[in-house]
2 protein chains.
Amino acid sequence: MVKPSIPKGTRDFGPAVVRKRNYILQTIRGVFEVFGFQPLETPAMENLTTLNGKYGEEGDKLIFKILDNGDILGRAQQAKDSRELGVLLCEKALKYDLTIPFARYVVMNQHEITFPFKRYQIQPVWRGDRPAKGRYREFYQCDADVVGSNSLMNEVELLKIYDTVFTKLGMHGYQLRVNNRKILGGLAELVGKPELITDITISIDKLDKIGEDGVTKELLERGLNEADVKVILDFIAIKGSNNEILEQLKEVLKQSATGLKGVEELSTVLNTQLTSFNSTPIIDLTLARGLNYYTGMIIEVKAPETVKMGSIGGGGRYDDLTGLFGLPGVSGVGISFGVDRIYDVLEELQLFPATAQQSTKVMFIHTGEENLATAFNHMMNLREQGIAAEIYHENAKMDKQFKYADKRGIPYVAIVGDSEKAEGNVSVKNLVTGQQEKVAAADLASFQF
Amino acid sequence: MVKPSIPKGTRDFGPAVVRKRNYILQTIRGVFEVFGFQPLETPAMENLTTLNGKYGEEGDKLIFKILDNGDILGRAQQAKDSRELGVLLCEKALKYDLTIPFARYVVMNQHEITFPFKRYQIQPVWRGDRPAKGRYREFYQCDADVVGSNSLMNEVELLKIYDTVFTKLGMHGYQLRVNNRKILGGLAELVGKPELITDITISIDKLDKIGEDGVTKELLERGLNEADVKVILDFIAIKGSNNEILEQLKEVLKQSATGLKGVEELSTVLNTQLTSFNSTPIIDLTLARGLNYYTGMIIEVKAPETVKMGSIGGGGRYDDLTGLFGLPGVSGVGISFGVDRIYDVLEELQLFPATAQQSTKVMFIHTGEENLATAFNHMMNLREQGIAAEIYHENAKMDKQFKYADKRGIPYVAIVGDSEKAEGNVSVKNLVTGQQEKVAAADLASFQF
């Protein structure tokens with residue numbers, strides 16, 4: 001018999017981990033809900049035609065395809081290469097992100113949806129990446145998007161969602177960073193090479209990692225000359241408060257209508273009178289994030305610097321997502337939470353509250369058949385009050401039963417022996433402090449377990 | 001451009017459906033939790049070797065296999081038939097149920113798990129069945145199991161979970177039916193053909209659908225003679241209260257040690273002094289449910305007769321599930337909820353509460369930039385109180401904004417115009433009754449939205 005295992009890059013989540021993950025997801029979900037976002041769930045399987053070609057050549061290779069059932073041998077024999085084989089044998093594939101299925105859903109249901117449509121979606125996605133620390137083949141994405149509205153109030157609301165969630169999670173020191181795709185477009189115009197915007201932004205996005213020298217080297221390799229590089233390095237060196245940066249940008253980008261539009265959008269969002277932030281968003285001119293996709297504001301959340309985790313969320317405005325499926329002209333803006341990384345940050349900073357780690361509050365000792373019905377009855381009363389309670393499954397030695405409760409992390413043990421039964425009491429022992437007390441059965445439900 | 005679609009047998013769940021599904025799942029999850037069950041999540045993808053051979057020949061064909069990435073053309077050319085092709089090209093597959101992955105998990109983590117292990121699991125599974133009404137290729141299963149305990153108290157607890165959940169869902173008229181595999185074994189001994197137990201039980205399990213004549217015909221076709229059939233029909237005709245049936249069974253099965261053991265187990269569970277049931281479990285001697293799997297008690301929940309839905313849940317005791325992966329001798333007992341069918345029953349009987357269908361409670365009208373910050377501030381205060389609130393995204397005509405709230409099913413609209421702002425009030429309009437009132441801004445959070 002083969003020793004059982006799971007596919008590499010996938011994970012089992014045992015009880016303790018599920019509880020902590022749920023704490024994160026419930027916190028996010030709760031904030032999405034009070035902000036008026038609505039839940040959507042799409043299937044794990046999409047038609048391969050829906051996904052293929054949407055994630056670039058590299059992305060296409062990482063899509064997990066599902067083998068058609070039935071007689072497929074004949075089809076397999078027609079394939080000339082492995083890529084073609086996949087297309088011939090597989091109609092379906094596992095979803096690669098939540099964004100493309102969302103766009104597909106919006107287009108399919110455009111006549112039923114009331115726009116603006118504010119939806120959130122928390123589901124697993126699958127990617128055939130090489131597994132590594134923090135990189136899985138099956139992982140959750142957690143997205144909120146608004147489609148069908150150009151209003152910059154949406155940008156403010158989404159920043160406020162980030163601010164609210166990370167405040168609720170107690171993650172002091174998170175940073176909200178913002179930029180605008182149009183400002184990056186303005187920079188490319190400034191250099192006089194708008195066609196190289198992708199090369200420019202891919203390079204400057206790495207400033208944190210490779211430093212100024214690295215960026216210079218990469219820009220030169222990507223076809224920019226030394227004069228261009230100087231313009232770019234001067235640009236990303238612009239420093240100051242948000243408004244000081246915005247003022248300098250207005251001057252530097254004065255020849256670029258696109259650039260000035262970006263400055264105006266950013267200024268509107270950052271100077272909003274609608275609300276304030278616990279962590280004020282900061283302009284980061286190197287921020288790009290999958291630029292080809294975004295058309296307006298770009299957002300990224302950085303974990304507190306002490307944990308060296310980098311980005312724990314990001315998003316931005318995109319102007320033509322549903323156009324991929326034949327519905328042009330629907331603007332959207334969205335954000336995403338990196339659940340696995342948030343988990344690691346909370347773990348490292350020990351920010352999971354005790355309530356996110358507890359399940360059963362009290363275990364009743366099985367003291368023998370005579371007292372079992374009484375104990376069971378007390379237990380059911382607790383359960384009816386919403387208090388998670390159990391009774392040991394058999395009349396084992398006291399010691400064994402206590403050990404079980406302890407291993408399970410159950411904080412209280414309740415005993416109904418002959419004397420307790422006669423007196424109408426329950427003995428309650430706190431397994432952490434070792435303290436034991438008698439509680440009248442009638443008061444058990446109001447005991448602070 | 002191809003019109004977008006989703007694979008047949010899969011579904012998108014829009015906001016209203018997600019909310020109602022979540023109401024069901026939260027109800028079940030809440031009961032699992034207070035009964036001391038712990039959450040487990042396993043990956044969607046399992047190794048194909050973990051699943052193959054576990055669901056019979058027919059089941060194997062319905063497993064969705066995931067095409068390996070990389071260079072697979074050479075492997076494809078070695079296949080002699082479609083079945084072999086699947087095995088050669090696919091290391092991984094989508095899980096087919098929650099039970100086999102659970103057994104795999106228990107074996108892999110046997111040294112860390114504290115037994116008895118009470119786990120629940122609510123996740124999607126995938127089957128390549130032909131899609132039909134109520135039959136999907138991607139659907140949720142919702143299971144609770146106890147492994148590592150022989151105590152019949154577990155059977156009582158699981159029956160009580162069913163009783164509690166369906167009571168909470170307000171589904172009057174559900175029936176809990178029980179049987180015992182050992183009693184069916186006793187019947188096969190009684191006939192003198194213990195090797196035909198599967199044939200006998202598959203046939204009598206259909207009594208509801210095909211009647212006595214149909215069962216007779218099928219039994220004869222399956223190699224039983226007329227005398228056998230008479231014994232079997234007499235057996236399943238045993239009627240009366242639970243205890244009357246148990247008494248008759250004791251007499252009929254007096255030669256069968258196995259049969260009598262089954263009667264004793266059933267008697268212990270049904271005559272428990274530990275608790276009582278809102279819907280008392282009823283003995284159903286024709287109940288078998290995937291018999292090869294079960295070794296003790298068998299449970300099924302039937303929907304109220306008025307809705308003609310049949311089974312909405314089922315389970316039983318199995319003695320050697322983890323033996324499949326090399327860990328013999330771990331007894332288990334579990335139940336499962338048929339979430340899709342429960343959804344349909346609640347829909348048909350109109351049992352979804354209003355709270356399961358509501359999202360945003362109040363939408364603020366966008367009355368222009370001058371009053372926007374005030375309205376936004378009121379909205380944020382409501383959100384901080386956990387009340388889902390929105391503001392219309394742009395300064396459109398009043399009529400358009402009201403229509404949006406109405407289409408979205410938002411019950412209240414709040415207006416902060418010049419006069420409200422000056423007076424420190426908010427006008428709140430109930431869109432259902434049409435009633436409008438002024439509420440002091442300070443009292444807004446305590447307003448009954």
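Remember, predicted model here, so these are calculated numbers, not experimental data.

With respect to the environment of Arg317(B)
All names here are of chain B. Summarising the element assignment, Arg317 is placed in strand β10 (residues 311-318). Here Arg317 falls in the buried class, since its relative accessible area comes to 6%. For the pair Arg317 and Ala405, spaced 88 residues apart in sequence, the C-alpha to C-alpha distance is 51 Å.

Observations concerning unusual backbone geometry
Residues and elements named next belong to chain A. Put simply, Phe115 and Pro116 share a cis peptide bond, and its omega is -5 degrees. Residue position: Pro116 is located in the loop between α6 (99-108) and β5 (117-126). Of note, the phi angle at Gln350 is positive, near 50 degrees, even though the residue is not glycine. Note on placement: Gln350 falls in the loop between α14 (339-348) and β12 (362-364).

Description of the pairing of strand β7 (residues 175-180) of chain B
Residues and elements named next belong to chain B. Counting buried residues in β7 gives six out of six residues, a clear majority hidden from the surface. Burial along β7 is two-sided: Gln175, Arg177 and Asn179 and Leu176, Val178 and Asn180, pointing in opposite directions, are all buried. Alignment of β7 against strand β9 (residues 297-302), held across six bridges, turns out to be antiparallel. Bridge assignment links Gln175 to a residue of β9, and that residue is Lys302. The pairing of β7 with strand β8 (residues 282-283) spans two bridges and is parallel. Along β8, the bridge assignment pairs Val178 with Ile283.

Some details on the side chain of Gln121(B)
Residues and elements named next belong to chain B. Along the chain, the position of Gln121 falls in strand β5 (residues 117-126). One polar contact links Gln121 to Thr42, side chain to side chain, over a distance of 3.0 Å. Here the side chain of Gln121 touches Gln123 through a polar contact of 3.0 Å, side chain to side chain. Contacts of Gln121, omitting those with residues within four sequence positions, involve Leu40, Glu41, Thr42, Lys95, Leu98, Phe102, Gln141, Cys142 and Asp143.

Criteria and cut-off values
- Residues numbered from 1 in each chain as written.
- Chains lettered and ligands numbered in written order.
- Predicted model: local features only at pLDDT ≥ 70, side-chain atom pairs only at ≥ 80, totals over all residues.
- Heavy atoms only, no water.
- Helix = DSSP H or I, 4+ residues; strand = E, 2+ residues; numbered from the N terminus.
- Buried < 20%, exposed > 50% of the residue type's maximum accessible area, 1.4 Å probe, protein only.
- Pairing = 2+ DSSP bridges.
- Polar contact = N/O pair within 3.5 Å; in protein donor to acceptor, adjacent residues only side chain to side chain.
- Contact = heavy atoms within 4.5 Å.

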